[in-house]
Amino acid sequence: MGLKVFNTLGRRLEEFTPLDPPKVGIYVCGPTVYGHSHLGHAKSYVSFDAIIRWLRFSGYNVNYVQNITDVGHLTDDADEGEDKIIAEARRRGLHPMAVVDLFTRSYYEDMDALNVLRPDIMPRASGHIIEQIEGARILLEKGHAYEVNGSLYFDVSSFKEYGKLSGRSVAELEAGARVEVSAEKRHPADFALWKRAEPDHIMQWPSPWGNGYPGWHLECSIMSQKYIGQTLDFHGGGLENQFPHHECEIAQAECITGKPFCRYWLHNNMCTLNGQKMGKSLGNAILLKEIFHEGHRLLEKTFEPAVIRHFILTSHYRTPSDFSNEALKAAEAGSYKLRDQVRELTRAAAKAPSKPSSEQIRTALGEFEQRFTNVMNEDFNTAAAIATVFDFARAAGGWIRDGIGREDLLAADTLMQRLVGDALGLKWLDPVGGEDENARDQVIQLLVDMRAEARKEKNFELSDQIRDRLAAIGVELKDGPEGTTW
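Draft legend 1. Quick look at helix H6 (residues 216-227). In terms of burial, H6 is largely enclosed, as 10 of its 12 residues are buried. Buried within H6 we find Trp216, His217, Leu218, Glu219, Cys220, Ser221, Ile222, Met223, Ser224 and Gln225. Residues of H6 that are buried sit in contact with strand E3 (23-28), helix H4 (129-141), strand E9 (191-196), strand E10 (212-214), strand E11 (232-238) and helix H7 (242-257). Looking one or two residues past H6, Gly229 carries a phi angle of roughly 135°, positive in sign.

Draft legend 2. Molecular detail of the sheet that holds E11. The strand order E4-E3-E11-E12 describes an open sheet built from 4 strands, whose pairing is parallel. One side of each edge strand has no neighbouring strand; the edge strands of this open sheet are strand E4 (61-66) and strand E12 (262-268). Within the sheet, the average angular offset between the axes of one strand and its neighbour, ignoring direction, is 20°. Strand contacts of helix H1 (residues 39-57): E3, E4, E11 and E12, with the helix running at about 160° to E4, the strand carrying the most contacts. Packed onto the sheet, H7 meets E11 and E12 and runs at close to 160° relative to E11.

Draft legend 3. Examining the packing of H1 against helix H13 (residues 406-423) more closely. Contact pair H1 / H13: the axes reach a minimum separation of 9 Å and the direction vectors enclose 135°. The angle between H1 and H13 falls in the class oblique. Counting all contacts with H1, which are made through Ala50, Arg53, Trp54 and Phe57, the residues of H13 involved are Arg418, Leu419, Gly421, Asp422 and Ala423.

Draft legend 4. Region of the structure containing the sheet that holds strand E15 (residues 321-323). In space, the 3 strands of this open sheet follow the order E14-E13-E15, with mixed pairing throughout. Two strands bound the open sheet, and with one partner strand each, they are strand E14 (276-277) and E15. Direction of pairing for strand E13 (residues 271-273) relative to E15: parallel, over a ladder of 3 bridges. Across the sheet, the residue bridging to Leu273 is Phe323, located in E15.

Draft legend 5. Layout of the confidence of the model for the protein chain. Scored by pLDDT, the protein chain has a mean of 91; 94% of the residues are at 70 or more. Every residue in residues 175-180 scores below 50 in pLDDT, and together they form 2 contacts with partners more than four places removed in sequence or on other chains.

Draft legend 6. Spatial organisation of the side chain of Gln341. Topologically, Gln341 is positioned in helix H10 (residues 325-351). What makes Gln341 buried here is its relative accessible area of 17%.

Draft legend 7. Region of interest: the pairing of E3. The buried fraction of E3 is high, at 5 of 6 residues. Across 3 bridges, E3 lies against E11 in parallel orientation. Residue pairing in the sheet places Tyr27 in a bridge with His235 of E11.

Draft legend 8. Quick look at the nonpolar core. By size, the foremost hydrophobic cluster in this structure holds 86 residues, and its most contacted members are Ile308, Phe323 and Trp399. Residue contributions to this core peak at 10 residues, all from H1.

Draft legend 9. Broad picture of unusual backbone geometry. In the segment running from Pro21 into Pro22, the intervening peptide bond is cis, with an omega of 5°. One non-glycine residue, Arg11, adopts positive backbone phi at about 55°. Counting through the fold element by element, Arg11 comes out in the loop between strand E1 (4-7) and strand E2 (12-15). In this structure, Asn149 takes a positive phi of about 55° despite not being glycine. Tracing the backbone through its elements, the reader meets Asn149 in the loop between strand E7 (145-148) and strand E8 (151-154). On the accessibility criterion, Asn149 (55% relative accessible area) is exposed.

Reading guide: rules and limits
- Residues numbered from 1 in each chain as written.
- Predicted model: local features only at pLDDT ≥ 70, side-chain atom pairs only at ≥ 80, totals over all residues.
- Heavy atoms only, no water.
- Buried < 20%, exposed > 50% of the residue type's maximum accessible area, 1.4 Å probe, protein only.
- Helix = DSSP H or I, 4+ residues; strand = E, 2+ residues; numbered from the N terminus.
- Contact = heavy atoms within 4.5 Å.
- Pairing = 2+ DSSP bridges.
- Axes fitted to C-alpha atoms, helices over the stretch in contact; angles between N-to-C directions.
- Parallel < 35°, antiparallel > 145°, perpendicular 65-115°, else oblique.
- pLDDT = per-residue confidence, 0-100.
- Core = buried A, V, L, I, M, F, W, Y, C linked by side-chain atoms within 4.5 Å.

Now the structure itself:
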């Protein structure tokens, strides 16, 4: 079964066929870097990381482009208000580019912690001003734009398909306009390609229409096509960007080139907290650094990044992720159970005796891999994929207890690492630390053996001390009829 994706453009599940196989070009809207990353960023970029990983796992040669917006994103989507980065720079008493660098580094730190792969190319809007001016010039020349007092606006009436992604007509947009429209605009839905800058505006560049800065929507159209081509295979982003941002991208790009801009549109759903939408104004926006390290008043404890990634992947990318203390603690328990099962398989494979390979085990491994492939090919269903991995881990535990041979356990471990690590990107912190994992495991096993000897000699004080000291560094001992595992 081939890969099927839900294409927002057609609002249906479609079979994926690359424009130029095996190459795949995908562009995902990156962050506007004026603050630290929050749970909404985690939902989006973990979701798209799983998509990127699966495309590569499936053999595609993926060119993944994600932008950094460092200019032009105004506080009001109606092309009014102040640049978000300049507002933050003034609040902090910094140059806007100092703010950009500060929060770009912070973004990388948080995404690295979540084991999100770095994009192949991460262009900045401020580094592509020449290309954006040229794109605006072409639109003006073709009659799709007009100039007013040094600002350029896209004329939505010139593009008959405007609204095809969001399903909104121009007439509906005009009737539903809820903001006071700039007197410069001919139509409420017209949007800025280039904005005139006042003399004291710190982020501005010369253009044929005077000093100014690019519109937010134009940036993504220009940068995606520069690094992927005139037609993208995939364009992704949050559901909140479907309109107006992505709608405007389509209009600009297709009017410049005369070709389809993107073949498959993917949109991840939002995050909620205890069923309520997250937002700074509501006081319930939780930063990733607060979850990982600092703590937050709405959370009972901090959580390891792998737990947050695990929780996000247990829901489909097109459904909301509702965070709560209870949900995160349940995800932590499940994630750590999977972690322990994966590590137990690796240890068992390393010390298992050599035995003839079992055809039954090899068949079971093939079935688990096919089941995983089938659910991921059904619009990247990570929730079903994680359920498959848990079933696989339970089966592997049974094989270990049955004493199957090293060759089969090594094959099972290899497949487990590919599915859990390569495809799902789950990577837990090492509670003990150390570069040499084998030496670390030997030390832990030595302490476990010493504890077993202490129990045998009824030295329960020493036994309990070893158990408690190991627990303090994240090693849990489990006593059973067949001895102690960790």
